[in-house]
Amino acid sequence: MQNLTIAQTLTMSSLEIAQLVGSRHGDVKRSIERLAASTVIQLPPMAKVENKQSNSPNRFSEAYIFEGEQGKRDSIIVVAQLCPEFTARLVDRWQELEKLVSQPALPENYISALEALLESKKSEAMLALVNKKQEEEIHCLQNLFQTGMTPVQFCKQLNGVNIMGVNLFLAERNFLYDGQKEENKPYEWRVKAYARDKYFTEMVVTVNTEKGKKKFYEVILLKEGAKWLYRHYLKGELPMKKSWNKLFTHDKYSQVA
């Protein structure tokens, strides 16, 4: 029987996952805890890890530690929830770790060989499920997104979203800011520089008033911004109505205001 490659125990922290997918570490940890609470994954242990990208004197953070095949499976599910388009990046990172520490060894017996094969097939099946879910989400997004939409118009198609809080939610996440400084006046939403032309853009609109023509800006959603909103909707993180029935559904035929 041919030699099999049996890897040592591998680990990956939630901090490294956050850096791989470009998310906040706090958001990653909350997603892990939410998935563990719903028994989709096992809650991994925590430990202090060094943040090599930080310039702070205290470069150590509390992070969840994914370990072995179970950790690999669970981390893939976490990233699929956080950011589907980065799932491949996480899989590539696991493969790099496996190449670094793997060593050839002869299995003790045929049972060990079969168990190793079974675990491999389980991982392949889980990855296939993750990819299928990602394809379904992309298909839904293609049906919902239309060029020229505002964030509010897009979210109006998502069941349960409180559209009155969408722009405030985006401002809290540092995508938008209020362009006017006076109190007790309507918001004049503008796009922050780093998000402009990537997640959102702006369109100048001119209206006739009693005092003449007035120009104002309208925030326009781009495809990447729609992906970001849809991912957070599926995680239940958008502002939701109190009457929401907890169903993540959409109506692509709804009338957009």
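See the structure shown above.
In this report, the structure presented in the accompanying data block is examined.

Reading the values: the criteria
Residues numbered from 1 in each chain as written. Predicted model: local features only at pLDDT ≥ 70, side-chain atom pairs only at ≥ 80, totals over all residues. Heavy atoms only, no water. Helix = DSSP H or I, 4+ residues; strand = E, 2+ residues; numbered from the N terminus. Polar contact = N/O pair within 3.5 Å; in protein donor to acceptor, adjacent residues only side chain to side chain. Buried < 20%, exposed > 50% of the residue type's maximum accessible area, 1.4 Å probe, protein only. Pairing = 2+ DSSP bridges. Axes fitted to C-alpha atoms, helices over the stretch in contact; angles between N-to-C directions. Contact = heavy atoms within 4.5 Å. Expected span 1.5 Å × (residues − 1). Phe/Tyr/Trp six-rings, centres within 6.5 Å; stacked < 30°, edge-to-face > 60°. Lys NZ or Arg CZ within 6 Å of the ring centre and 35° of its normal. Core = buried A, V, L, I, M, F, W, Y, C linked by side-chain atoms within 4.5 Å. Left-handed = near helix turned anticlockwise from the far one by under 90°. Nonpolar A, V, L, I, M, F, W, Y, C, P; charged D, E, K, R; others polar.

Here we take up the environment of Asn51. Its place among the elements puts Asn51 in the loop between strand 3 (46–50) and strand 4 (60–67). Side-chain polar atoms of Asn51 contact the side chain of Gln19, separated by 2.9 Å.

A positive phi angle, close to 70 degrees, is found at Asp197, a residue other than glycine. The exposure class of Asp197 is exposed, given its relative accessible area of 60%. For Lys246, which is not glycine, the phi torsion reads 70 degrees and is therefore positive. Since its relative accessible area comes to 59%, Lys246 is described here as exposed.

The subject of this paragraph is the sheet that holds strand 4. Pairing within the open sheet is antiparallel, and its three strands lie in the order 2-4-3. Looking along the sheet, the strands with just one partner apiece sit at the ends: strand 2 (11–13) and strand 3. Going from strand to strand, the sheet's axes swing by 50 degrees on average, the running direction of each strand aside. Of the strands in this sheet, strand 3 and strand 4 are in contact with helix 2 (residues 25–37), which crosses strand 4 at around 40 degrees.

This next bit is on helix 8 (residues 223–234). Along its 12 residues, helix 8 runs 17 Å from first to last C-alpha, staying within 8% of the 16 Å computed at 1.5 Å per residue. Of the positions making up helix 8, those classed as buried are Gly225, Ala226, Trp228, Leu229, Tyr230, Arg231, His232 and Tyr233. Looking at the residues trailing helix 8, positive phi occurs at Gly236, about 70 degrees.

Moving on to the packing of aromatic side chains. Tallying each qualifying case throughout the model produces seven aromatic pairs. Ring plane angle 45 degrees and centroid distance 5.9 Å describe the contact between Phe169 and Trp228, whose orientation is recorded as tilted. One end of the pair, Phe169, is in helix 7 (residues 166–172); the other, Trp228, is in helix 8, and 59 residues separate them in sequence. With respect to burial, Phe169 and Trp228 carry one shared label: buried. Each member of the aromatic cluster is reached from another via a ring pair, and the members are Phe169, Phe175, Tyr194, Tyr199, Phe200 and Trp228. For the cation-ring pair, Arg190 lies above Tyr217, with the distance from its terminal atom to the ring centre recorded as 3.6 Å.

Of all eight residues making up helix 1 (residues 14–21), six are buried, and the element is well covered by its neighbours. Along helix 1, the residues that are buried comprise Ser14, Leu15, Ile17, Ala18, Leu20 and Val21. A positive phi of about 75 degrees marks Gly22, the residue just after helix 1.

Counting 27 residues, the largest nonpolar core has Phe154, Leu158, Leu170, Phe200 and Leu238 as the members making the most contacts within it. The greatest single-element share of this core, amounting to five residues, is contributed by helix 8. One finds Leu20, Ile32, Leu82 and Val91 within the second-largest nonpolar core, a separate group that totals 23 residues.

On to the packing of helix 2 against helix 3 (residues 68–82). One way to put it is that helix 2 packs onto helix 3 with a least axis distance of 10 Å and a crossing angle of 115 degrees. Viewed along their axes, helix 2 and helix 3 form a crossing whose handedness is right-handed. Facing Asp27, Val28, Ser31, Ile32 and Leu35 of helix 2, the residues of helix 3 in contact are Ile77, Val78, Gln81 and Leu82. Within the contact of helix 2 with helix 3, the residues separate by chemical class into six nonpolar, two polar and one charged.

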